[in-house]
Amino acid sequence: MKYTEIMLRENSLSDKHIIVTGGGSGLGKSMSEVLLKLGAKVLICSRNEEKLKQAVQDLKSATGGQVSYAVCDVRSYEDTQKALDEAVNRFGYVNGLINNAAGNFVSPTERLSAHAFDVIIDIVLKGTKNMTLAAGKYWINNGIKPVSVVNIVTTYAFTGSGYVVPSASAKAGVLAMTRSLAAEWAKYGMRFNAVAPGPFPTKGAWERLLPGELKNKFDPAQRVPLKRVGEHIELANLVSYLISDYSAYINGEVITIDGGEWIYNAGQFNAFDQITPEQWDLLAQLIKSKKKK
Ligand code: HXC
Ligand code: NAP
């Protein structure tokens, strides 16, 4: 067994028809590939049609699966409704949603215009609200169940983080929405969970969040106690499980997949793993000698 293999067995998702927002690139595309390999039908949606067309072609040739796209800016409720209609028309029904589309940039907060702050909130929080509300009404009105929704957040949704304040605020809102709807809409047969990834290299995130020299200066792998970044398949396996009926009793949860990054950087003494055994010997002697006095 390798952690770079698909975890679920073949056809585990053959009755799943899933919308993946932001599925044309990065993690959304990688998740879509694994969902398709497991037999799901997938509609990817985002703003750039050329990118979507290329992604559909790539995904078809990688998986032979049934995948299509809808051009959709998640900031528009009308667009999300159209994407949902397109998926229902194509596949007959929709019973899974992965809210993955996001916008982000790094900046001292005082340098942001009010509009720049709004743009991130609109994509991340309101975008998730738009897609979820459109789909939720459809599921309730049509009695479709079971349904699984997975919201992609970040670990700073619960820790907070400077320099990405609009994103942190919006992701925290998405997490609250996840837990709230997990409680409210369970009666309709819907489950809501969130996944909080640590660093997973993608062009979209890396170029915006670690531009230029920052990549070397703040090597993300060094912040992780396992000393590596995530492989896309690891996230895709987790999300496949959460979308599948194998996770039928998991609802309202946020699952972190970050190699221990946030815990490592939160624990006050964790950086002591830089201390060598010889230094520990000296320190032990020092502590003992202080006790004697
Ligand atoms: C400050 C900025 C800025 C920056 C844009 N703006 N970039 N302000 N620093 N780096 C300001 C602009 O000046 C403008 O404000 C406002 O933001 C909107 O900019 P537009 O370019 O007009 O917006 P738009 O075309 O809608 O593009 C949205 C975007 C863009 C978010 C700015 O980056 C984008 O499309 N991103 C999508 C993909 C993405 O971000 N992926 C990363 C996800 S990673 P004014 O006032 O001048 O009009 C992630 C978590 C990672 O989310 C966690 C890692 C561990
Ligand atoms: P990415 O490649 O930039 O993906 C973002 C996707 O969202 C793109 O396909 C983009 O497509 C789409 N999108 C952006 N604005 C949109 C809008 N208004 N309407 C519709 N679609 C929109 O970044 P990624 O790294 O794969 O990130 C995917 C998710 O993982 C995000 O939720 C991110 O916050 C989360 N995450 C990533 C990391 C990481 O290390 N990579 C860590 C933690 C969390 P268009 O631009 O064509 O619209």
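Provided above is the structure to which this section pertains.
Residues numbered from 1 in each chain as written. Chains lettered and ligands numbered in written order. Predicted model: local features only at pLDDT ≥ 70, side-chain atom pairs only at ≥ 80, totals over all residues. Heavy atoms only, no water.

### A word on the packing of aromatic side chains
According to the stated counting rule, one finds four aromatic pairs in the structure shown. Pairing Phe-269 with Phe-272 gives two aromatic rings, centres 5.2 Å apart and planes at 85°, and the pair type is edge-to-face. The partly exposed category is assigned to Phe-272, whose relative accessible area is 38%. Geometrically, the ring pair formed by Phe-272 and Trp-280 is tilted, given 6.2 Å between the ring centres and 55° between the ring planes. By relative accessible area, Trp-280 is classed as partly exposed at 40%. Cluster of aromatic residues (ring-pair linked, three or more members): Phe-269, Phe-272 and Trp-280. (Phe/Tyr/Trp six-rings, centres within 6.5 Å; stacked < 30°, edge-to-face > 60°. Buried < 20%, exposed > 50% of the residue type's maximum accessible area, 1.4 Å probe, protein only.)

### Digging into the environment of Arg-90
Mapped onto the elements of the fold, Arg-90 is located in helix α3 (residues 77–91). For the pair Arg-90 and Gln-66, spaced 24 residues apart in sequence, the C-alpha to C-alpha distance is 9.7 Å. Not counting chain neighbours up to four residues away, the residues in contact with Arg-90 comprise Gln-66 and Ser-68. Here Ser-68 takes part through its side chain, which lies 3.5 Å from a polar atom of the side chain of Arg-90. Side-chain polar atoms of Arg-90 contact the side chain of Glu-86, separated by 2.8 Å. (Helix = DSSP H or I, 4+ residues; strand = E, 2+ residues; numbered from the N terminus. Contact = heavy atoms within 4.5 Å. Polar contact = N/O pair within 3.5 Å; in protein donor to acceptor, adjacent residues only side chain to side chain.)

### Side note on unusual backbone geometry
In this structure, Pro-146 follows Lys-145 across a cis peptide bond, with omega equal to -5°. Tracing the backbone through its elements, the reader meets Pro-146 in the loop between α4 (114–142) and β5 (147–152). Within the chain, Asn-11 stands out as a residue other than glycine whose phi angle is a positive 65°. Of note, Asn-11 is situated in the segment before β1 (17–21).

### A word on the site of ligand 1
In the vicinity of ligand 1 lie 19 residues, with Arg-47, Asn-104, Ser-113, His-115 and Arg-208 positioned nearest. Here an oxygen atom of ligand 1 and a side-chain polar atom of Arg-75 are 3.1 Å apart. Within the side chain of Ser-113, an N or O atom sits 2.5 Å from an oxygen atom of ligand 1. Of all elements in the fold, only α4 and α7 (203–209) reach the threshold of two or more residues within the shell around ligand 1. Of the residues belonging to the shell around ligand 1, the class tally is nine nonpolar, seven polar and three charged. (Near = heavy atom within 4 Å. Nonpolar A, V, L, I, M, F, W, Y, C, P; charged D, E, K, R; others polar.)

### Let's talk about the site of ligand 2
Lining the immediate environment of ligand 2, one finds 28 residues, of which Ser-25, Leu-27, Arg-47, Asn-100 and Thr-202 sit closest. Measuring from an oxygen atom of ligand 2, one finds a backbone N or O atom of Asn-100 at 2.7 Å. Interatomic distance of 2.9 Å between a backbone N/O atom of Phe-200 and a nitrogen atom of ligand 2. Out of a free accessible area of 880 Å², ligand 2 has 90% covered by protein chains. Broken down by secondary-structure element, the contributors of at least two residues to the shell around ligand 2 are α1 (26–37) and α7. Looking at the shell around ligand 2, the element that brings in the most residues is α7, giving three residues. (Areas by Shrake-Rupley, 256 points an atom, 1.4 Å probe, with all protein chains shown as cover.)

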